[in-house]
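Chain and residue survey
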Amino acid sequence: MGPRMKSIVGLGLCLGTVATSSAQAATPTYHRDVEPIVQKHCQECHRPGQVAPFSLLTYEQARKRSSDIAAVIDDQRMPPWHASTKEGGPFRDARVLSSVERSAIEAWVKAGSPEGDPKDAPPPRSFDSEWALGKPDLVLTPSESYTLGAEGKDEFRVFVIPSGLTEGRWVSAVDFRAGNAKVVHHILSGFDTTGRAKELDKADPEVGYKTFAGFGSLPSGLPFIPSGGLGGWAPGKAPRPLPTGVGRFIPAGADILIQIHYHKSGKVEKDATSIALYFAKTPTDKLVRPGAVFPPRPGLLSRPNLRIPAGTENYEITGEWRVPYDAHLFAVVPHMHWLGKDFQMVAERPDGTKQTLIKVDRWDFNWQDTYEFDKPPALPSGTTIKMLAHFDNSEKNPSNPSKPPVDVTWGEQTTNEMCIGFLQLTRDDEHLNNQPPKAGGRLRAMITRPAKP
Ligand code: HEC
């Protein structure tokens, strides 16, 4: 049944109720029928200082936009959630309305968006602090803002901030606050215990240091690989704690690294982006281990030989990764740029069983998320993860950054493309009993060779 049909049925049910009970009880009202849904599914973003462009905290704010609300609910644009609910997952905290909730909003709009009795309203939803996960244990911000030029190519910059930690800490959640949401395109983070990042910072006259990809290069020319990763952020990513017992370990004295991909806005902009750390409150047994499915590459550290010809509407890209140990997969992060259309990953286990991990039917660059499984699937050693994605490099793609379209190659610029299925795994044979790990979870799988300047 399509969304339209559902709304007609919803209205029919509603009219049926009108006929059999008092009209007053059946007319949907904001405070009684709609406000609980808006609180639960919309206000996390639609309130001041959050990502959405307007608030939905009062009746008046919802009434003014009621026809837009009906439209975005009808075509399932809001709340934003791009993973299929039929195949793949199921995922934690999926931002999806039930059909009952959808019908309730549609019926309210059709009834003329009546307010009803404020006494029926649920108590206001409280948001602990300006951080979605509550007050962080440690917030770090670069000592000064970085000034980004008005025009030109995207920039990648790494900011190095001393953690000040006098003992090693297990981290159970990480969050970021973009200092200037107009130019921060995505964020990667990690930490360094060798002092090399500090040296790279010192060699660059401005705050932080410039890189072409990853975390930059050492004077030897080799890529600088941080001692460990702390996760990333891209538009639409909601912070969520790691599963209980799973953590990332930051050694005493480490420097925290925030790598920011800036996309210029046409004006000179300033940015100082913060990272927030939440320390584990319960013992940690397993490290987060990174994995990644890439299209075929000539070597482990080289970039895929990708060329998407101008004008192609449905260019297919595939890739595979073999799981090297008995693992559980707790999260997946699909990553493409503006030409991405759809994306899926399927696990094929050595015993022949197949499981769709994630399916994104309508890719939206603005809504990239980390999808965490309700129940992390077991992936025995030797499981193959197969990625299948399609790209639209034609004029028909309204998101195509090049008009007219040009041939597009692999790279970090927004006008390049990528196709990566990032994976977050745990090793079944690892039992740390809260003891510091011998080596931090490395970013190795996530880094491609820097582009030539
Ligand atoms: C995760 C954050 C988030 C959640 C949750 C969310 N929104 Fe939005 N909403 C946005 C952002 C950001 C925009 C701006 C357009 C965009 O980026 O897609 C937006 C735009 C809108 C628009 C304007 C659409 C347009 O085309 O201009 C409406 C209407 C809307 N949201 C309603 C809702 C409703 C109703 C809910 C709850 C059922 C909701 N949103 C939940 C973030 C959110």
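Above: the structure in question.
Just so we're clear, the structure is a prediction, and the values are computed from it rather than from any experiment. (Residues numbered from 1 in each chain as written. Predicted model: local features only at pLDDT ≥ 70, side-chain atom pairs only at ≥ 80, totals over all residues. Heavy atoms only, no water.)

**A word on the coordination of the iron atom of the ligand**
Applied cut-off: In this listing, donors mean N, O and S atoms no farther than 2.8 Å from the metal, or 3.2 Å for Na, K and Ca; water is missing from the atoms, so a site can look incomplete. Site shape is set this way: if four donors have all angles between 85 and 135 degrees, tetrahedral; if opposite donors are over 155 degrees apart and all others between 65 and 115, square planar for four donors and octahedral for six; otherwise irregular. To qualify as a helix, a DSSP run of H or I must reach at least 4 residues; to qualify as a strand, a run of E must reach at least 2; elements of each kind are numbered from the N terminus.
Taken together, the protein ligands of the iron atom of the ligand are His46 (NE2) and Met78 (SD), with distances of 2.0 to 2.3 Å. If you look at the iron atom of the ligand, its 6 donor atoms make angles of 84 to 179° with each other, and the shape they trace is octahedral. Of this pair, histidine 46 sits in the loop between helix H3 (30-41) and helix H4 (59-64) while methionine 78 sits in the loop between helix H5 (66-74) and helix H6 (99-110), placing them 32 residues apart in sequence.

**Describing the pairing of strand S8 (residues 246-250)**
Convention followed: Only protein chains enter the accessibility calculation, which uses a 1.4 Å probe; a residue is then buried when its area is under 20% of its type maximum, exposed when over 50%, and partly exposed in between. Any two strands with at least two DSSP-identified bridges between them are counted as paired.
With 5 of its 5 residues buried, S8 lies for the most part within the structure. Neither face of S8 is left uncovered, since the one carrying Val246, Arg248 and Ile250 and the one carrying Gly247 and Phe249 both have all their residues buried. Two strands pair when backbone bridges link them, and strand S4 (residues 169-177) and S8 are joined in this way by 3 bridges, in the antiparallel orientation. Bridging across to S8, valine 171 finds its partner in arginine 248. Note: S8 against strand S12 (residues 286-287), 2 bridges, orientation parallel. Its bridge partner being in S12, valine 246 is matched across the sheet by lysine 286.

**A word on the site of the ligand**
Cut-off, in case you're wondering: The near set for a molecule or strand comprises every residue that places at least one heavy atom within 4 Å of it. By the criterion applied in these results, polar contacts are pairs of N or O atoms within 3.5 Å in which, for protein atoms, one can donate a hydrogen and the other can accept it, and in which residues neighboring in sequence qualify only through two side-chain atoms.
Contacts to the ligand come from 19 residues, most closely from Cys42, Cys45, His46, Arg77 and Met78. Interatomic distance of 2.9 Å between a side-chain N/O atom of arginine 77 and an oxygen atom of the ligand. Top element by residues in the shell around the ligand is H5. It accounts for 4 residues.

**Some words on helix H7 (residues 196-203)**
Note the following rule: Think of it as the arc spanned by the lines of direction from the helix axis to the C-beta atoms. Residue contacts follow a heavy-atom distance rule, with two residues in contact if any of their heavy atoms lie within 4.5 Å.
For H7, the complete set of buried residues consists of Ala197, Leu200 and Asp201. Mapping the buried residues of H7 onto a view down its axis gives an arc of 100°, with all of them on the same face. In H7, the exposed positions that point more than 90 degrees away from the buried face belong to Glu199, Lys202 and Ala203. Taken together, the buried residues of H7 touch strand S3 (155-162), strand S5 (184-192), strand S6 (209-211) and strand S9 (255-262).

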